[in-house]
Amino acid sequence: MDYKYIEQLVERYFQCDTSLQEEQILKAFFAQPEQEVPQQLQQYIPLFAAMQPESLLGDDFDQRMLALVEEPVTVKARTIGMRQRLQPLLRAAAVVAILFMIGTAVDRSVQTKQQPTDEINYAAYKDTYEDPTMAYDKVEDALRLMSDGFSKVQQADSLRIDSLYTELR
């Protein structure tokens, strides 16, 4: 018997060019007993035999699974009242209220203990300088000292940054 058609179908099967009907033909061909399959095609029997539906699970497997699935499940419904629904929210609100009251009490007790002692009495304030140009010079000197201090700090920071930058290179 000539098995060229089957050989061509096997080649096309491995190239993924077969249709579903041609694959069914191959499955049916390799499902027959090994004695009827030619020697050169017997190597493909395990491949197509693996595609055959086997009854390893038994004939009544479907009925047993359906019986397990279709068992009625009893669920008891509970009614939850509005008080039970709002109870976590009410607890959280109570905690917030308690924390707010404690914070207010601590704040008021701290405020009563701290009487401001460094208040400036502007009504009793007197100028220490009688000459406005001398006062202006003193303020200018103070601002210059502050500026020099800031520039020294800025130079030190820039030197530190430059040294870190060179270390990182």
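The preceding data block contains the structure.
From a predicted model like this one, the values you see are computed outputs, not experimental measurements.

Q: What is the right way to read the packing of helix H1 (residues 4–14) against helix H2 (residues 20–30) from this model?
A: Two packed helices can be described by the angle between their axes and the distance between those axes. Relative to each other, H1 and H2 sit at 120 degrees, their axes nearing to 10 Å. Between H1 and H2, the angle falls in the class oblique. Note that H1 runs across H2; the crossing there is left-handed. Residues Tyr5, Ile6, Leu9, Val10, Arg12 and Tyr13 of H1 form the contact with H2, whose own contacting residues are Glu22, Glu23, Ile25, Leu26, Phe29 and Phe30. Of the residues contributing to the contact of H1 with H2, the split by class is 9 nonpolar, no polar and 3 charged.

Q: In this structure, what is going on with the packing of aromatic side chains? I would like to understand it.
A: Given two aromatic rings, their pairing is described by the distance between the two centres and the angle made by the two planes. Summed over all chains, the structure comprises 7 aromatic pairs. Look at tyrosine 13 and phenylalanine 14: their rings are 5.7 Å apart centre to centre, the planes differ by 75 degrees, and that puts the pair in the edge-to-face class. Residue class for tyrosine 13 comes out buried when judged on its relative accessible area of 18%. Take phenylalanine 14: its relative accessible area is 47%, and that puts it in the partly exposed class. Look at phenylalanine 29 and phenylalanine 30: their rings are 5.1 Å apart centre to centre, the planes differ by 85 degrees, and that puts the pair in the edge-to-face class. There is no split in this pair, since phenylalanine 29 and phenylalanine 30 are both buried. Counting every residue linked through ring pairs, the aromatic cluster contains Tyr3, Tyr13, Phe14, Phe29, Phe30, Tyr44 and Phe48.

Procedures and definitions
- Residues numbered from 1 in each chain as written.
- Predicted model: local features only at pLDDT ≥ 70, side-chain atom pairs only at ≥ 80, totals over all residues.
- Heavy atoms only, no water.
- Axes fitted to C-alpha atoms, helices over the stretch in contact; angles between N-to-C directions.
- Helix = DSSP H or I, 4+ residues; strand = E, 2+ residues; numbered from the N terminus.
- Parallel < 35°, antiparallel > 145°, perpendicular 65-115°, else oblique.
- Left-handed = near helix turned anticlockwise from the far one by under 90°.
- Contact = heavy atoms within 4.5 Å.
- Nonpolar A, V, L, I, M, F, W, Y, C, P; charged D, E, K, R; others polar.
- Phe/Tyr/Trp six-rings, centres within 6.5 Å; stacked < 30°, edge-to-face > 60°.
- Buried < 20%, exposed > 50% of the residue type's maximum accessible area, 1.4 Å probe, protein only.

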